[in-house]
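Each chain is listed here by its residues.
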Amino acid sequence: MTTTAPPRTPAPAVQREPRPVPAWRRGLRPYVLSIPAVLIIVGILYPFVLGAYYAFLNYAAVVRRPVFIGLQNFAEILSDPAFWTSVRVTLHYAVVATVVETVLGIGIALLLNRSTLVGRVFERVLILPLMIAPVIAGVIWGLMFNPQYGVLNYVLGLGSTFDWLGESTAIWSVILVDVWIYTPFVAILVLAGIRSLPKEPFEASAVDGASWFYMFRRLMLPMMWPYILVAVIFRFMDCLKIFDHVFVLTAGGPGDATRTLQIGAYQNSIIQLQYSQGSTYMFLLWVIVFVTARYLVSVLGKAQRRAAGSEE
Amino acid sequence: MTRRELWTPNRRDLLRMFGVGGAAVGASSLLAACGLGTGGGGPATDNGAAEVTGGFDWRKAEGTEISVLQTPHPYQVAFQPLLAEFTELTGITVKADLVAEADYFTRLNTELASGAGNYDAFMTGAYFIWTYGPPGWMEDLKPWLQNSSATNPDYDFEDIYEGLRRSTSWDFQVGSPLGTGGQWAIPWGFETNVLCYNKTEFDRRGIRPAETFDDLMQLATDLTDRANNKYGIAFRGSRSWATIHPGFMTQFTREGCKDYEKQGDQLQATMNSPEAVDFTRKWVELARSAGPTSWTNYEYPDCTGDLGAGTAMMVYDADSATYPQNIAGNSAQAGNLAWHPGPAGPDGNYGTNLWTWSLAMNSASEKKLAAWLFIQWATGKEAQTKAVQTGQAGFADPTRKSVFDGAFKQTLGNFPGYQETFEKVIGSTDIKFTPQTQFFETTEEWAVALQDIYAGQDAKTRLDALAAANTTAVNRAS
């Protein structure tokens, strides 16, 4: 005799009542959740607002009781030719350095994309300049630039008479150092982008007999555009705020040849102890960076939509 | 409508937020750094000297620990091993924080402006008193010196060279000379600005240092041989106030020039006077024809480094900066160097600008008696004598006449001309600048003007513009 067990009916799921949250935890929750906001306010907004507020005072070491002076600092700085020289130097630096680093970075990324042994070695070597603090890089390049005992004039056969940090050459020399430090950053970013591209369009083009340059121009570059723009945005914004290696190499000189906005702010705030004037410099720099960043990010958005095919 | 429907950030929104936020954060950090807190204008604490009563006793602050902010320098290096003796003498322990000279004054500015009182005493130069004194960041040491309960009867403040005592004292009134008002620091070590030259090379050529500025120009030019990477004379040229004060200000003064003149209750910049324009033009010409190629970037280590390497034949800078190059093992030219006062002025004067590393007390310190005992000990006869005798890196120019005439002279055997040079200039050595609170701004602008003239601008036009700007700056601040 066989017996069949009666079909089992699943036991009804026990509807467990959620354990009541203790009142003290309910009361604490809003405070815990607000911690990030408080940190943002204390850590970012408060110093920023305080710094901006100083721009409206006559706060300096020799002024015992600073008072509100409205826009006087802005009027003084905007009518100072040295400020506009700093703006010109900063923009010159940022545009040239960003363009050179982007072009070189793309070129290096394309070379490294061919996964040869040499390419793989260079991939590792490439990151070395990024691992050196810009101040140290400035010191190293300062020694190499020295006409009396530096290695550059010796290797290039320029004798002791070519001055890398002279009136007409200093801006190009500090850009050269920036290019040396940051081109690898662009190259690494672009290389990561290249390796994330789909292979199919390239394989189809190769079957159709398209040349390498045609594929680069019509396939790779449009798809790579968002990655390149990210690199451009990072580098351009960084260059607008450049300070460290320029200060080490030239301190803004000769004359005002390399006096960037950050160096102007440093000189006002730290050397001359004119805190309000330094804050005004930085506030104006912040406006420039903010407006530029907004514009570049909107361009990036368009490029991404275009790369995704959602916008012509 | 739920909160989520109100705004749903997509990838692009997030990227945009991060981009703009990143820019804001980057800029805000320095904006905040520019605002150094509100300690600068705050009231200083009481001087405290009057609270010390009774007989003098080194152990009056026994058990205290003080913090001292210092920069690595031959003076500091020579004193470091002696701190244990100070602790043994007083029962006070000293915590010395060292910050490299390039960053030292940035750190000190920030520290003093904060009013936090983290450091009880600190190293300073005389020019810094003009900036740190008016906001009340430094303690007046005169009441401490005058209080016999706080100051050892053997201290002998008058033993410190008069030019040095005067250089560290001022009343902060525009137009007042140095030596008026409070004593804001005690000179600890100092340096005169004179010529150091490669004696071996001079002897080989059968030549001697120049006695007039025109002769110096000719001599330096003759010694310059760019093809063999040798040049006549090194002096500072970087975009810094420090370019003006050593050789330039010394010779500027000897040639009869002044930086400012008092007119009523205002200062008038006179670095564009006919004699100043003439001298400045010559100085820049000297840099161009016989100076280092990268002159606009030269600081004193570059100058002395070239002297020690045999690249520069002469250096016009602090004697203590050239002194280490002559110590065996320190440079290729060690043992070959000698000193000379440099060219006299047309009237034969040897007016010389000085630099003094001095010790000052933070007005926000809460351990002022201990800080004063430390300053008093470090600037006293016994400690300076020991530092001179034991300092491995040398201890150029002790601030006390008794120490110079005693222990220091015995160390000068291998330094031809050092003592003679010192004795020739010391009587006319002090601060040659007119004291004013905008020293760093106006003097850096002066260095920028030299660089502009070096780059080809007309000296008269450039110095006229500099004088106009500096006149406005010094009177605006007063």
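Residues numbered from 1 in each chain as written. Chains lettered and ligands numbered in written order. Predicted model: local features only at pLDDT ≥ 70, side-chain atom pairs only at ≥ 80, totals over all residues. Heavy atoms only, no water.

A word on the packing of helix α6 (residues 134-145) of chain A against helix α8 (residues 170-195) of chain A. Residues and elements named next belong to chain A. Between α6 and α8, the shortest axis-to-axis distance is 11 Å and the interhelical angle comes to 130°. Judged on the interaxial angle alone, α8 and α6 are oblique. Judged by the twist between their axes, the crossing of α6 over α8 is right-handed. The residues of α8 that touch α6, namely those facing P134, A137, W141 and F145, are S173, L176, V177, W180, I181 and Y182. Grouping the amino acids of the contact of α6 with α8 by side-chain chemistry returns nine nonpolar, one polar and no charged. (Axes fitted to C-alpha atoms, helices over the stretch in contact; angles between N-to-C directions. Helix = DSSP H or I, 4+ residues; strand = E, 2+ residues; numbered from the N terminus. Parallel < 35°, antiparallel > 145°, perpendicular 65-115°, else oblique. Left-handed = near helix turned anticlockwise from the far one by under 90°. Contact = heavy atoms within 4.5 Å. Nonpolar A, V, L, I, M, F, W, Y, C, P; charged D, E, K, R; others polar.)

Another aspect to go through is the pattern of salt bridges. Residues and elements named next belong to chain A. Summed over the entire model, instances satisfying the criterion amount to 28 salt bridges over all chains. When the shortest N-O distance is used, the salt bridge between R235 and E101 registers 2.7 Å. Linking R235 in helix α10 (residues 212-240) with E101 in helix α4 (residues 81-113), this pair joins segments that are 134 residues apart in sequence. In terms of burial, R235 and E101 fall into one category: buried. (Salt bridge = Lys/Arg side-chain N within 4 Å of Asp/Glu carboxyl O. Buried < 20%, exposed > 50% of the residue type's maximum accessible area, 1.4 Å probe, protein only.)

Residues and elements named next belong to chain B. According to the stated counting rule, one finds zero disulfides over all chains in the structure shown. Counting only cysteine sulfurs, C196 is the nearest neighbor of C303, a cysteine outside any disulfide, at a range of 12 Å. In this structure C303 comes out as buried when scored by relative accessible area, which is 0%. (Disulfide = S-S within 2.5 Å.)

Residue and element names in this part refer to chain B. Structurally, N475 is set in helix α20 (residues 459-477). At 2.9 Å, the side chain of N475 forms a polar contact with the backbone oxygen of T471. For N475, the residues in contact, after removing those within four places along its chain, are Q266 and L267. (Polar contact = N/O pair within 3.5 Å; in protein donor to acceptor, adjacent residues only side chain to side chain.)

All names here are of chain B. One can find Q183 in strand β5 (residues 182-183). Spatially, the C-alpha atom of Q183 lies 5.5 Å from that of D140, the residues being 43 residues apart in sequence. When near neighbours in sequence (up to four residues on either side) are disregarded, Q183 contacts E139, D140, L141, K142, L145, F157, R165, T168 and S169.

With that settled, consider the packing of aromatic side chains. Here a ring pair, both rings aromatic, is described through the centre-centre distance and the interplanar angle of the planes. Residues and elements named next belong to chain B. For the coordinates displayed, the defined rule picks out 80 aromatic pairs over all chains. Seen from their ring centres, W170 and F172 are 5.6 Å apart, and the 90° between their planes marks the pair as edge-to-face. Judged by its relative accessible area of 1%, W170 falls in the buried class. On the numbers, 6.2 Å between centres and 65° between planes, the contact of F408 with Y418 is edge-to-face. Of this pair, F408 sits in helix α17 (residues 401-408) while Y418 sits in helix α18 (residues 418-425), placing them 10 residues apart in sequence. Residue classification places F408 among the buried residues on the basis of a relative accessible area of 0%. Stacked on the ring of Y454, the Lys or Arg R288 has its end atom at 5.7 Å from the ring centre. (Phe/Tyr/Trp six-rings, centres within 6.5 Å; stacked < 30°, edge-to-face > 60°. Lys NZ or Arg CZ within 6 Å of the ring centre and 35° of its normal.)

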